[in-house]
Amino acid sequence: MRNKQYIQSKKVFWRQYNNGAVAINHETNEIILLNNSGAALFSFLIYSRTIQQVVKFLKDSFDVRANVARADTHEFLSSLILKGFIKTAGKITNSIREAKNLQISKTNGDDSKKKYEVMRWAARNLIPISVQIELTHHCNLHCIHCYLSKKDSENVPNLLLLEKLFHQLRNAGTLFLTLTGGEPLQYSNLVNALDIAVLQCGFSTTIFTNGTIMRKDWKDIISKYSLKEIHVSLYSLHSDIHDKITGVQGSQRLTLNFIKQLLDTGIRVVIKSPLFRQTIEEAPSLLEYAKELGAEWFGGPLITPRDDGDMFPTTMRATRKQIISYFQKTEDLFSIKGDIFQDVFGSTSDSPLACLALSNSYFIDVNGDLYPCSQVRRKIGNVFKNQFEKLWHESLMLERIREVRMNDLKKCSKCKIITYCSRCPGLADLEGGGIFDLSPFDCLLAQCRKEAEKQRN
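As the structure is a prediction and not an experimental result, all values here were calculated from the model. (Residues numbered from 1 in each chain as written. Predicted model: local features only at pLDDT ≥ 70, side-chain atom pairs only at ≥ 80, totals over all residues. Heavy atoms only, no water.)

### Overview of the overall build of the protein
Step number 1: When helices and strands are counted, the protein shows 17 helices and 15 strands.
Step number 2: A buried classification covers 55% of the 457 residues belonging to the protein. (Helix = DSSP H or I, 4+ residues; strand = E, 2+ residues; numbered from the N terminus. Buried < 20%, exposed > 50% of the residue type's maximum accessible area, 1.4 Å probe, protein only.)

Quick look at the structure:
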């Protein structure tokens, strides 16, 4: 170990903050949270270093004894090599012990819980760690449930404005970038945007797509930009049902071919399936199909209103009976939500935020308008006309929203089944009595989860 060179792995994306760092390995999809000393050492390994250089850096930077610096450096490097965040030509044979001063997040369990730990940490520190950006409203499909009310908009982000924005977001601490639409693959400057987002700004980048546009250069794009994952919408395994939902005959065939070709490149593919009244019974089959292909699957009975409040898409939601059956047959992906409600700030004695995402995530549309998220359609300002960090930290509306705790939501805080709830303030705003009121559909989902658990037992 002594004479070897150590350096960050190429497929690792990360950000350093005032009180730590977050890093994600795109090869394994593992995410870690580092404290200040760990973050400093990880930053030092941007370039190849010997063990002697690393020990000296740690000793000089944090005023620790040489023996402590050697022990902690060894443990830190060993652990990160095993996790794939640091690479070396040799193998580490020494056992892994807990480092005393270079702390790696100790969260155990699945990737979802690790990600939620990071998102809680970002929320506590008001770090805008995740953004979703619309590149276009143009789309080659005509999905009956689409949340966009104005799909004929000609507006697309100017590349120069987008470049300026990306650098602002990087400096503000954003790490996770999701490109969406419309259909983002129809954005004419997509490759140039990826050049800026990934190569210049180091965003961990995901693309949402309908999977009907297959580029000949996909393999080169995926290799060059080391995309985190690509999410593809698949509504049914029956082509007639899928095509009826998209409004384009033959769209399912294109999507299935797209998924298989993507998987051949080695990229992580997530198949997303909003479950309608006519498709919810397919949930186990869709999950099994994804597993057989080697893809991940995410689905659920939530069908949202349009961004202008049009409730038509909600008429296609599954019935109460269907939803209960779905929760009985399929693992509820929101089963860990109760932990978040009780432990946003790391202590069950704290009254948690009414919405975690409003303190760590945000949404930007094609016009540069900034929103708390894609569901909370309350404009904060325009990022093409104002500095993002000023809007993020000085918005009175955001300040008001972030101050609200669960105890302030009088109806929700007294609810006996709150631990079953995945309340969304955006849905409450769109189809309830306002952002601080009940979300009727989330109430229904909570009731269905409780009933499904009762029937399961």
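### Thoughts on the sheet that holds strand 13 (residues 361-364)
Two modes of strand pairing occur in sheets, parallel and antiparallel, and in both the strands are linked by backbone hydrogen bonds.
Step number 1: Sheet architecture is open: 9 strands sit in the order 12-11-10-9-8-7-13-14-15, paired in mixed fashion. A strand with exactly one partner marks an edge of an open sheet, and here the two such strands are strand 12 (296-300) and strand 15 (381-382).
Step number 2: Alignment of strand 13 against strand 14 (residues 369-371), held across 2 bridges, turns out to be antiparallel. Each residue of the ladder has a partner; that of F363, found in strand 14, is Y371.
Step number 3: Relative to strand 12, helix 10 (residues 283-293) is tilted by about 165°, and along the sheet it contacts strand 11 (269-274) and strand 12. (Pairing = 2+ DSSP bridges. Contact = heavy atoms within 4.5 Å. Axes fitted to C-alpha atoms, helices over the stretch in contact; angles between N-to-C directions.)

### Observations concerning the confidence of the model for the protein
Step number 1: For the protein, the mean per-residue pLDDT works out to 88, and 88% of the residues sit at or above 70.
Step number 2: Low pLDDT (under 50) marks residues 90-100, which in the prediction has 19 contacts with non-local residues, meaning those over four places away or in another chain. (pLDDT = per-residue confidence, 0-100.)

### A word on the pattern of salt bridges
Opposite charge on two side chains allows them to pair when their charged atoms are near.
Step number 1: In the structure shown here, the tally under the stated rule is 14 salt bridges.
Step number 2: The salt bridge partner of E229 is K228, with a shortest N-O separation of 3.2 Å.
Step number 3: Residue classification places K228 among the buried positions, given a relative accessible area of 10%.
Step number 4: A salt bridge links E281 to K329; its shortest N-O distance comes to 3.9 Å. In this pair, E281 is assigned in the loop between strand 11 and helix 10 and K329 in helix 11 (residues 320-329), connecting sequence segments 48 residues apart.
Step number 5: E281 sits in the partly exposed class, given a relative accessible area of 47%. (Salt bridge = Lys/Arg side-chain N within 4 Å of Asp/Glu carboxyl O.)

### Side note on helix 17 (residues 440-456)
Step number 1: Look at helix 17: 24 Å from first C-alpha to last across 17 residues, which is about the 24 Å you get at 1.5 Å a residue.
Step number 2: Turning to helix 17, its buried residues are F441, D442, L445, A446, C448, R449 and A452. Projected onto a plane normal to the axis of helix 17, the buried residues spread over an arc of 165° and lie on a single side.
Step number 3: Looking at the buried positions of helix 17, the neighbouring elements they touch are helix 11 and helix 16 (425-431). (Expected span 1.5 Å × (residues − 1). Arc of directions from axis to C-beta.)

### What about unusual backbone geometry?
Step number 1: Here G181 and G182 are connected by a cis peptide whose omega angle stands at 25°.
Step number 2: For L126, which is not glycine, the phi torsion reads 50° and is therefore positive.
Step number 3: Tracing the backbone through its elements, the reader meets L126 in the loop between helix 4 (111-124) and strand 7 (130-134).

### As for the environment of A69
Step number 1: Along the chain, A69 turns up in helix 3 (residues 66-83).
Step number 2: Excluding residues within four positions of it along the chain, A69 makes contact with V55, L58, K59 and V64.

### A closer look at the nonpolar core
Step number 1: Counting 79 residues, the largest nonpolar core has I129 and W218 as its most contacted members.
Step number 2: The biggest single contributor to this core is helix 6 (residues 190-200), with 6 residues.
Step number 3: Ignoring anything within four residues of it in the chain, the contact list for W218 reads L185, I207, I213, L227, I230, F258 and L262.
Step number 4: Judged by nonpolar contacts, the second largest core, of 23 residues, contains V12, A21, A23 and A39. (Core = buried A, V, L, I, M, F, W, Y, C linked by side-chain atoms within 4.5 Å.)

### Observations regarding the side chain of S422
Step number 1: Along the chain, S422 turns up in the loop between helix 15 (410-413) and helix 16.
Step number 2: At 3.4 Å, the side chain of S422 forms a polar contact with the side chain of R449. (Polar contact = N/O pair within 3.5 Å; in protein donor to acceptor, adjacent residues only side chain to side chain.)

### Side note on the pairing of strand 8 (residues 176-180)
Step number 1: Of all the 5 residues making up strand 8, 5 are buried; the element is thus mostly covered by neighbouring parts of the structure.
Step number 2: Across the two faces of strand 8 the burial is the same, with F176, T178 and T180 and L177 and L179 all buried.
Step number 3: Sheet topology places strand 7 next to strand 8; 5 bridges connect them, and they run parallel. Counterpart to V131 in the pairing with strand 8 is L177.
Step number 4: Judged from the 4 bridges that link them, strand 8 and strand 9 (residues 204-209) form a sheet pairing that is parallel. What sits directly across from L177, in strand 9, is T205.
Step number 5: A crossover connection joins strand 8 to the parallel strand 9 through helix 6; in handedness this β-α-β unit is right-handed. (Right-handed = clockwise from strand over helix to strand, strands pointing away.)

### Structural notes on the side chain of D243
Step number 1: Its place among the elements puts D243 in helix 8 (residues 239-246).
Step number 2: Summary of buried charges: D243 has no salt-bridge partner, and the nearest side chain of opposite charge, R253, is 7.6 Å away.
Step number 3: Polar side-chain contacts of D243 include one of 2.9 Å to the side chain of S251.
Step number 4: There is a polar contact of 2.9 Å between the side chain of D243 and the backbone nitrogen of Q252.
Step number 5: Among residues more than four places away in sequence, those in contact with D243 are V248, Q249, G250, S251 and Q252. (Lys, Arg positive; Asp, Glu negative; His and termini not counted.)

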